[in-house]
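So the chains spell out like this:
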Amino acid sequence: MKAAVYYGIKDIRVEDVETPVCGPEEVKVKVHYCAICGTDVRIYLSGHKKVIPPAVIGHEITGVIEEIGSDVRYPEKIKKGDKVAVVTSIGCGRCKMCSKGFYNLCPDTKAIGYFYPGGYAEYLIIPTPAVEQKAVIKLPEGISLKEGALIEALSCAINGQSYLNIGRGDAVVIYGGGPIGFMHAVLAQAEGAAKVIMIDPAYERLEKFGKNFGDIILLDPKKVSVKEEVRRLTDGYGADVVITACPAKQAQIEGLEILGSKGRISLFGGLPKDDSFINIDANLIHYKELSVFGAFASNRKDFIKAAQLISEKKIEAGKFISCVLPLERINEGIEMVRSGEVLKCVVEINKE
């Protein structure tokens, strides 16, 4: 089969590799699409401790079931030919977090596209632990395999917002104008937010993609004071919710400062591992009764909700997809995502 094999930093080669064999407790998927994630770009540029070359990465996957192992007893009936998405986070199945279904928070999580081979290949084996954790999600009616490639990213935004209780009338500020930032924006709109404000120093890019997503207020932090503009736009109150969908210290620090009383902030975008400390005024949290949340990856329930939102057209997946490229052009796609030229690039592995 054809696969894009990661050999090291800036070294991904599309080549013929052995087609994997489905074991008795595994499921084999014929991959149709795998969207390029910002994490894939970081692996390409800097590596990842859980990706040991040579490896096949890619975790925003949709495809069709090719084979089901003879010993698989899946609680939700799946069969050959079913259109599916694949849950990324696979836990150990034994720890406290796994017992609660939080496989993304397992201290020994082994994710598809990192520890396990990923979706930039014609075929993918869903390993036994993933099958046991029901990591194969049947796609509902009304969603194409190409649209389904956005489920994983959207599921992460859903997980992040699950803590924030966004409601009618809220003013929501989002730092970061990438695909995740815009997913947070449309989710907040769907929950009834009165104002959605997005901030990104790459303002031309923000304007380029922002026009596709309705009534979003766009701010250029190089030209305006974000604090003053948010105060003005909220009648002096401040934001109800802030989401930092970018790996920037300043966004986290400023995000706390622009919250109004009872405000909630999600530190959605992680900081670089070697530079992850920030200085904050703890009295802001104390006197305003602010809530600070983290968010990392997602779980099966978030995938299911994401699939439903896309299938019901509450989230218009097509607005996020800037380009579709064949597997042979994956390096080009990664560079396009890295440069910000596209919002979301989907790699087509096998045609529908």
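Residues numbered from 1 in each chain as written. Predicted model: local features only at pLDDT ≥ 70, side-chain atom pairs only at ≥ 80, totals over all residues. Heavy atoms only, no water.

J.: Could you give an account of the overall build of the protein chain, naming the residues involved and the relevant values?
T.: Regarding its fold elements, the protein chain presents 12 helices and 15 strands. Against the globule reference of 20 Å for 352 residues, the protein chain gives a C-alpha radius of gyration of 20 Å, in line with a compact fold. The principal-axis extent of the C-alpha atoms belonging to the protein chain is close to 60 × 40 × 40 Å. Within the protein chain, buried positions represent 55% of all 352 residues. (Helix = DSSP H or I, 4+ residues; strand = E, 2+ residues; numbered from the N terminus. Rg over C-alpha atoms; globule rule 2.2 N^0.38 Å. Buried < 20%, exposed > 50% of the residue type's maximum accessible area, 1.4 Å probe, protein only.)

J.: How would you sum up the packing of aromatic side chains? Please name residues and give values.
T.: In this structure the tally under the stated criterion is 4 aromatic pairs. An angle of 25° between the planes, with centres 5.5 Å apart, marks the rings of Y163 and F293 as stacked. A residue pair is termed long-range when its members are at least 10 positions apart, and Y163 in the loop between α5 (151-161) and β8 (171-175) and F293 in strand β13 (residues 291-294) qualify at 130 residues. Pairing F182 with F213 gives two aromatic rings, centres 4.9 Å apart and planes at 20°, and the pair type is stacked. Here F182 is found in helix α6 (residues 179-190), whereas its partner F213 is found in the loop between α7 (203-210) and β10 (217-219), with 31 residues between them in sequence. (Phe/Tyr/Trp six-rings, centres within 6.5 Å; stacked < 30°, edge-to-face > 60°.)

J.: Describe the pairing of strand β12 (residues 259-267), and please don't skip the residues or the numbers.
T.: Sheet topology note: the strand β11 (residues 239-244)/β12 ladder contains 4 bridges and is parallel. Residue pairing in the sheet places V242 in a bridge with I265 of β12. Assessed by its sense of winding, the connection that carries the chain from β11 through helix α9 (residues 249-257) to β12 is right-handed. Relative to β13, β12 runs parallel, the two sharing 4 bridges. (Pairing = 2+ DSSP bridges. Right-handed = clockwise from strand over helix to strand, strands pointing away.)

J.: Tell me about the sheet that holds β11, residues and numbers included.
T.: Backbone-to-backbone hydrogen bonds pair the strands of a sheet. The strands run either parallel or antiparallel. Overall, parallel pairing links the 6 strands, which are arranged β10-β9-β8-β11-β12-β13 in an open sheet. A single partner strand is all that each edge strand has here, and the edge strands are β10 and β13. The mean angle between the axes of side-by-side strands here comes to 20°, regardless of whether they run parallel or antiparallel. Lying over the sheet, α9 contacts β8, β11, β12 and β13, oriented at roughly 160° with respect to β12. (Axes fitted to C-alpha atoms, helices over the stretch in contact; angles between N-to-C directions. Contact = heavy atoms within 4.5 Å.)

J.: Before we move on, can you summarise the nonpolar core with the specific residues and values?
T.: If you look at the biggest cluster of nonpolar residues, it comprises 100 residues, and the most contacted ones within it are Y120, I126, I151, F182 and F320. Grouped together as the second largest cluster of nonpolar side chains are 18 residues, L233, V242, C246 and L259 included. (Core = buried A, V, L, I, M, F, W, Y, C linked by side-chain atoms within 4.5 Å.)

J.: A description of the packing of helix α1 (residues 38-46) against helix α12 (residues 330-339) should follow, citing residues and the corresponding values.
T.: Two measures define how a pair of helices packs: the angle their axes make with one another and the distance between the axes. Two numbers describe how α1 lies on α12: the axes approach to 10 Å, and their chain directions differ by 105°. Here α12 runs roughly perpendicular to α1, going by the angle between their axes. Residues V41, Y44 and L45 of α1 pack against N331, I334, E335, V337 and R338 of α12. Broken down by class, the residue content of the contact of α1 with α12 amounts to 5 nonpolar, 1 polar and 2 charged. (Parallel < 35°, antiparallel > 145°, perpendicular 65-115°, else oblique. Nonpolar A, V, L, I, M, F, W, Y, C, P; charged D, E, K, R; others polar.)

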